[in-house]
Amino acid sequence: MKFSPAKLTGVWVVDLDRHEDERGFFARSWCQTEFEKQGLNPRLVQCNISFNEKKGTLRGMHFQAAPHEEVKLVRCTRGAIYDVIVDLRRSSPTHRRWLAVELTADNRRALYIPEGFAHGFQSLEDGTEVFYQMSDFFHPDCARGVRWNDPAFGIVWPINEKIISPKDNSYPDFDTRSR
């Protein structure tokens, strides 16, 4: 695997180190030892799949509050997404900044998202599937979110026509909430 630091503190882009021949390629997509060598949390306890029927589907911005904050390793296994994270860690030098990375089935890239980030994405193609690996189990009582269009972050989304759940559309402004 190839680990590249992103512009937000603690975030990494993880690319495959392909071993190719006439049959195709072989590559490791996760290895506890390699993640530990990078100083990253290697704990994975749960995997989820999000299938998105229509282009423009926007999910997020979600996070899990303490004491169940979670690391996410996100990969697009079908189609393409505009994957977005926002740093919510108050002590971070990149607090309230956002980053977007295009993850596609073709580039097979993954995004390592540490604890303390909100995460969301917009599907760029019909029939897009996203695979998540998480470091903690889902705890509904700790599930939180920030709004996808909150002016506190100024996230720029690539597709104007969005399909959004009422829940994701109703999070309050970040500046008026306690975290």
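This text follows the structure it describes.
Scope of this entry: the structure provided in the associated data block. (Residues numbered from 1 in each chain as written. Predicted model: local features only at pLDDT ≥ 70, side-chain atom pairs only at ≥ 80, totals over all residues. Heavy atoms only, no water.)

### What about unusual backbone geometry?
Line of reasoning, step 1. The omega torsion of the bond from glycine 60 to methionine 61 falls at 15 degrees, within 30 degrees of zero and hence cis.
Line of reasoning, step 2. Examined against the element boundaries, methionine 61 turns out to sit in strand 6 (residues 58–64).
Line of reasoning, step 3. Note that the residue after alanine 66, namely proline 67, is joined by a cis bond; omega there is 10 degrees.
Line of reasoning, step 4. Phi at arginine 96 takes a positive value of approximately 70 degrees, unusual for a residue other than glycine.
Line of reasoning, step 5. Along the chain, arginine 96 falls in the loop between strand 8 (80–87) and strand 9 (98–104). (Helix = DSSP H or I, 4+ residues; strand = E, 2+ residues; numbered from the N terminus.)

### Focus: the environment of aspartate 168
Line of reasoning, step 1. Among the structural elements, aspartate 168 can be located in helix 2 (residues 166–169).
Line of reasoning, step 2. Residues aspartate 168 and glycine 120, 48 residues apart in the sequence, show an inter-C-alpha distance of 9.9 Å.
Line of reasoning, step 3. When residues no more than four places from it in sequence are discounted, the contact partners of aspartate 168 are Leu58, Arg59, Gly60, His62, Arg147 and Trp148.
Line of reasoning, step 4. Within the local environment of aspartate 168, its side chain forms a polar contact with the side chain of histidine 62, the two groups lying 2.7 Å apart. (Contact = heavy atoms within 4.5 Å. Polar contact = N/O pair within 3.5 Å; in protein donor to acceptor, adjacent residues only side chain to side chain.)

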